[in-house]
Each structure stands twice: as structure tokens, then as C-alpha cells.
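Given next are the chains, with one letter for each unit.
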Amino acid sequence: MRLLLKGGRVIDPSQNIDDILDILIVNGKISLIDNKIDISEVKTRGSIDSVDIGGRILVPGLIDMHTHLREPGFEYKETIESGTKAAVAGGFTAIACMANTSPVNDNRSVTEFILTQAARTGRARVYPIAALTRNQEGKILTEFADLKDAGATGFSDDGMPVTDSGIMRCALEYAYSLDMPVISHCEDLGLARGGMMNEGLVCAELGLTASPDIAEEIMVLRDIILARYTHTRVHIAHVSTAGSVEAIRAAKASGIAVTAETAPHYFTLSEEALRSFSTNLKVYPPLRSERDLEAIKEGLADGTIDAIASDHAPHSSIEKEVEFDYAATGLIGLETSLSLSLRLVEEGILSMSGLIKKMSTNPADILGVSGGSLRHGLPADITVIDPEVTWTVDAARFHSKSRNCPYQGMQLRGRSVMTMVGGEIKYRSGL
Ligand code: DOR
Ligand code: ZN
């Protein structure tokens, strides 16, 4: 099996490549990257398919390190099949899925089930994140070594914070000894009090219950202190506030091993959007102020925030088409994440290479999985992006089973036109 990808603008942050190049794939692996690979020369060694990339951007396959696939248990919201379909359509060759399924992914049979389903559907790679505590109750640690052995890629109670700092400390220590990441959902439940939007003037005007920025920040600071004390590392999920960015920036400067991700909705939408009362804007952490939004962009620009993840959180219409108070929390992101993130390049906040680093190379490093690079010999996980094409968001046409997308009807620019996993084309449209 040989495939030649001709004339792409190849951007690989892991090798500092940004050039018009050809890529030869042999048996699903990257075999050669060169200025001009002579097809007649290669042809003498057997048949070969070729795809003309025509100057579009060709990058290491994007990795979404924070999604919710809902299977097992909530298949009416999303399945591993529909979620991975959405992933490859959005340009992702790999996704990490959180443990808040039913049953919770807190034991090897659930981890193995997820991996089996992912292999059966055979689209994007799926990296299960196992729960950090049994049933995500925050009381008893799960069997880390056993879960790692079963194929888990990290530990997180995402959706719920780990309120007991002693448990979090042990989790950091055990995970570190296994070289596994801990992903922390930072929320002080006492401060958040189930608030539905960001605390501030807009919330006072709208009369919705509020969760303040410090509910997130106090836990970010706690986790930084724990990582410093235990000499381990921690990854902060869905960073949304200026104070969190500031805390992470200072921690990094003093050599503490903290990494962080944000999601596109935290740099494209603010609490102002809640004036519409659209339940698709109800998400945790909540959309913050314009000032926070700017701080998130600064954090992305200066490297404080390492990764962009969708936090794809599908919910059905019965859970969203209700009064704001009763609506489920979360929004879908797999099929809009790349286009929204490309805005950062347009705005001059990130270079194209810088963006790919945050959507591929850094997530691979943080999760400790292969990918994020087009190095010789690696599996050919590749995303081709057309940065010019404009399209209108129509959630009804998404591959995800859920429709809770706050960008409905919006015009976006740039999208994936081909997604390849292990040398196999899993999605192609417009190329
Ligand atoms: O908005 C959210 N939805 N935040 C979370 O932390 C969990 C997620 C979900 O699972 O729906
Ligand atoms: Zn999440």
C-alpha cells in the first residue's frame, strides 16, 4: 500500500517544517518527505495512488485531548461511532474521551469496552481517560496501574472536581509514578453553588444564578501547590479565566510542571452572548467576561496555555430545549473546533505552526501518545486543512448525534478537507 501526497504546505512544529513538500506513505507509515518525489521513480517499485494536495495545509493529525463520547450509557447523546465520525470530519485523527459515562470508566472492563468499540468503528484513534476516583465520587482512587494496563491514557474525574486535596495529592503521586497525566476539572463546588453563568454585571442583569471566576481559580492554585509539593505534574482542563491564566503563567515561570488547555468557546464567546438565553451557551466552566476572553488569548499567545481542546459535550434536545435552569451543561465542538481556532491565526495571535502545536504536538506530549509529528516511520496520521474555504454552520448536518451547537448559522472560514489515520483516508470532502 503506497500513497503519495503531492504539493501540500507541510507544517510540522515537531520538526520545524513549513514548506511545500510531497509525502510518501508506505504501509500506513510516513516513509519520505521531500521537495519533489518523482512518481515515475517510485512507480517502478509497484503501483501507487496519489492525491494532489494543491497547496493546502498538511499537518500532523489533530488530537482533541478532551471530548465526551457518552458511550456506554448515554448512547442517545453520542456513541463512539458517531463521535469518531464527527472527529474525523472535524480534522481529528485522535481524541481522548472523558470518564463520565454510565457506568463510569473507573475499571478495566469499561476501558476495554471503549477501545473495542473504537477499533470496531475504525475511524479516529480513541484514548480513554479513566476516572480518578471510583464512580467519580471523589473518595477512593481507582486502580491506576490496572487501568493503564487496560489501555487508559490518563486520569480525570472531569465533569466533577476532586474536592479532597489529600485524594488529589495521592492521585498526582501515583499517576506520576506510572508516567500518566492527571487532568483536573477545577471547580470549588462551594463557591460555584451550581451557578448557571459567570458572576458579574451581566448575570445580575439577567437574573441567573452565578458561579464566580474564583471558583475555578482557587482550585487551579490548589493543584499548582500540590504539583509543586509532590514534584509531579498536573494538567488543568478547560481554563476560562484571567486569574487562572495568571496563576499558570507564574507557576510555569517558577518551574512547576503544570500544563493547561482551553476550549474554543472561551476565546470566541463571552457572557454577553447569554443575553439570548440560549441553552446551548450553558456550559461549565461558564462563558466569562470580555476581559477573561482577552486573557485566554494572551495565554495562548505566550505559551501559558499549551493546548486547545473542544470539550465536546453532546446533549440531546430533550435536555437542552427546556428552561435555562433545567438545561444540561455543555456544547458540542468536534466539528467547529478547528475553524474557530483558525481565527487565532487570522487575528495574528498564533502562527499556523503555533496553532498546530496546540492542537496536535502538545496534546500528544501531554497525553504521552504517539502522533503530533510527521517524522519518518510514524503512522501516517494526517490532517489537510483548506484555510480559505468559507462555510455556514448547520448543526443538523453534523455527524455528531447531538445538536447543542451555539454557532448555528455562523459563517466560518477554513476547515479540514482530508483526515487520514494510519495511512487510511477516513474523511475527505472538497479535495
Ligand atoms: O459543560 C460541561 N459539560 N462541563 C463539564 O465539565 C462536563 C460536561 C459534560 O459532560 O456534559
Ligand atoms: Zn469535559
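Please read all numbers here as calculations on a predicted model, not as lab measurements.

Peer 1: Looking at this structure, how should I read the overall build of the chain?
Peer 2: Check the secondary structure of the chain and you find 14 helices and 18 strands. Here the C-alpha atoms of the chain give a radius of gyration of 21 Å, agreeing with the 22 Å that 2.2 N^0.38 yields for 431 residues. Each principal axis of the C-alpha atoms in the chain carries an extent, and together these give about 70 × 45 × 45 Å. For the chain, the residues scored as buried account for 59% of the 431 residues in total. Contacts in the chain between residues far apart in sequence, at least 24 positions, make up 74% of those at least 6 positions apart. Of the roughly 16,500 Å² of accessible surface on the chain, a fraction of 50% belongs to carbon and sulfur atoms.

Peer 1: Can you help me understand the coordination of the zinc ion (ligand 2) in this one?
Peer 2: Every protein donor of the zinc ion (ligand 2) is accounted for by H66 (NE2), H68 (NE2), D158 (OD) and D311 (OD), and the metal-donor separations fall at 2.0 to 2.3 Å. Coordination geometry of the zinc ion (ligand 2): the four donor atoms subtend angles of 84 to 168° at the metal centre, consistent with an arrangement described as irregular. Of note, the zinc ion (ligand 2) draws all its donor residues from one chain, in the sequence arrangement H-x1-H-x89-D-x152-D. Of the two residues, H68 sits in the loop between β6 (62-67) and α2 (80-89) while D311 sits in the loop between β15 (307-308) and α12 (317-320), which places them 243 residues apart along the sequence. Owing to a relative accessible area of 4%, H68 belongs among the buried residues under this scheme.

Peer 1: What is the right way to read helix α11 (residues 290-301) from this model?
Peer 2: Since the α-helix turns once every 3.6 residues, residues separated by three or four places project in the same direction. Taking 1.5 Å per residue as the helical rise, α11 with its twelve residues ought to reach 16 Å, and the 17 Å between its terminal C-alpha atoms agrees with that figure. Among all positions in α11, only D292, L293, A295, I296, K297, G299 and L300 are buried. Structurally, α11 contributes buried residues whose contacts are with α9 (242-253), β14 (257-262), α10 (265-268), β15, α13 (337-346) and α14 (352-367). Note on α11: the residue one or two positions beyond its end, G303, has a positive phi of about 90°.

Peer 1: What is the right way to look at the packing of helix α8 (residues 213-230) against α9 in this model?
Peer 2: When two helices pack together, you describe them by how their axes are tilted relative to each other and by the distance separating the axes. At a minimum axis separation of 8 Å, α8 and α9 run at an interaxial angle of 15°. As the angle between them shows, α8 and α9 are arranged roughly parallel. When the axes of α8 and α9 are compared, the crossing they make is right-handed. Residue-level inspection shows E216, E217, V220, L221 and I224 of α8 in contact with α9, the latter providing A242, G243, S244, A247, I248 and A251. Class assignment for the residues of the contact of α8 with α9 results in seven nonpolar, two polar and two charged.

Peer 1: How do you make sense of unusual backbone geometry when you look at a structure like this?
Peer 2: Peptide bonds are mostly trans, and most non-glycine residues show a negative phi. For the bond running from E71 to P72, omega is 10°, close enough to zero to count as cis. Mapping P72 onto the fold places it in the loop between β6 and α2. In this structure, the amide linkage connecting Y284 to the following residue, P285, adopts the cis form with an omega of -5°. Topologically, P285 is positioned in the loop between α10 and α11. With phi around 60°, F277 is a residue other than glycine that occupies positive phi space.

Peer 1: What's the story with the pattern of salt bridges in this structure? I'm lost.
Peer 2: Pairs can form between side chains of opposite charge whenever their charged atoms are close. Scanning the model with the defined rule gives 21 salt bridges in all. Where D18 meets R9, a salt bridge forms, and the shortest distance between an N and an O atom there is 2.9 Å. Its relative accessible area of 28% is what places R9 among the partly exposed residues. The shortest N-O distance in the salt bridge between R169 and E173 comes to 3.3 Å. Residue R169 and its partner E173 are located together in helix α5 (residues 165-177), separated by four residues, close to a single helical turn. E173 gets classed as partly exposed once you look at its relative accessible area, which sits at 30%. The structure contains a network of salt bridges with shared partners spanning R108, E112, D146 and D149.

Peer 1: Honestly, the sheet that holds strand β10 (residues 183-184) in this entry has me stumped. Any pointers?
Peer 2: What holds strands together in a sheet is hydrogen bonding between their backbones, with the strands either parallel or antiparallel. Spatial ordering of the open sheet is given by β10-β13-β14-β15, a layout of four strands whose pairing is parallel. Across the chains shown, the open sheet's two edge strands, defined by having one partner strand only, are β10 and β15. The pairing of β10 with strand β13 (residues 233-236) spans two bridges and is classified as parallel. Its bridge partner lying in β13, S184 is registered against I236.

Peer 1: Would you explain the nonpolar core in this entry?
Peer 2: One recurring pattern in soluble globular proteins is that nonpolar side chains are buried together. Of all hydrophobic cores here, the largest spans 65 residues; its most connected members are L132, F155, I224, I236, V239 and I248. Each residue touching I236, except ones within four places of it in the same chain, is listed here: S184, C186, V220, D223, I248, V258, T259, A260 and E261. By size, the runner-up hydrophobic cluster in this structure holds 25 residues, among which are A210, F324, L340 and L412.

Peer 1: What am I meant to see in the sheet that holds strand β7 (residues 92-97) here?
Peer 2: Ordered in space as β6-β7-β8-β9, the four strands form an open sheet in which the pairing is parallel. The sheet is open, and its two edges are formed by β6 and β9 (154-155), each paired on a single side. Examined bridge by bridge, β7 and strand β8 (residues 125-130) share four bridges and lie parallel to one another. Its bridge partner being in β8, A96 is matched across the sheet by Y127. Lying over the sheet, α2 contacts β7 and β8, oriented at roughly 135° with respect to β7.

Peer 1: Quick question: what am I supposed to make of the pairing of strand β1 (residues 2-12) here?
Peer 2: Remember that side chains alternate between the two faces of the sheet whenever the strand is regular. A large share of β1 lies buried, amounting to nine of its eleven residues. Here β1 pairs with strand β2 (residues 17-26) via nine bridges, running antiparallel. Counted as the bridge partner of D12 is I17 from β2. Hairpin connection, β1 to β2: the antiparallel pair is bridged by four residues, and N16 has positive phi, about 55°. Sheet topology note: the β1/strand β4 (residues 49-52) ladder contains four bridges and is parallel. Each residue of the ladder has a partner; that of L5, found in β4, is V51. Looking at chain direction, β1 and strand β5 (residues 57-60) are connected through two bridges and run parallel. Each residue of the ladder has a partner; that of V10, found in β5, is L58.

How each quantity is defined
Residues numbered from 1 in each chain as written. Chains lettered and ligands numbered in written order. Predicted model: local features only at pLDDT ≥ 70, side-chain atom pairs only at ≥ 80, totals over all residues. Heavy atoms only, no water. Helix = DSSP H or I, 4+ residues; strand = E, 2+ residues; numbered from the N terminus. Rg over C-alpha atoms; globule rule 2.2 N^0.38 Å. Buried < 20%, exposed > 50% of the residue type's maximum accessible area, 1.4 Å probe, protein only. Contact = heavy atoms within 4.5 Å. Areas by Shrake-Rupley, 256 points an atom, 1.4 Å probe, with all protein chains shown as cover. Donors = N, O, S within 2.8 Å, 3.2 Å for Na, K, Ca; no water. Tetrahedral: all angles 85-135°; square planar, octahedral: opposite > 155°, others 65-115°. Expected span 1.5 Å × (residues − 1). Axes fitted to C-alpha atoms, helices over the stretch in contact; angles between N-to-C directions. Parallel < 35°, antiparallel > 145°, perpendicular 65-115°, else oblique. Left-handed = near helix turned anticlockwise from the far one by under 90°. Nonpolar A, V, L, I, M, F, W, Y, C, P; charged D, E, K, R; others polar. Salt bridge = Lys/Arg side-chain N within 4 Å of Asp/Glu carboxyl O. Pairing = 2+ DSSP bridges. Core = buried A, V, L, I, M, F, W, Y, C linked by side-chain atoms within 4.5 Å.

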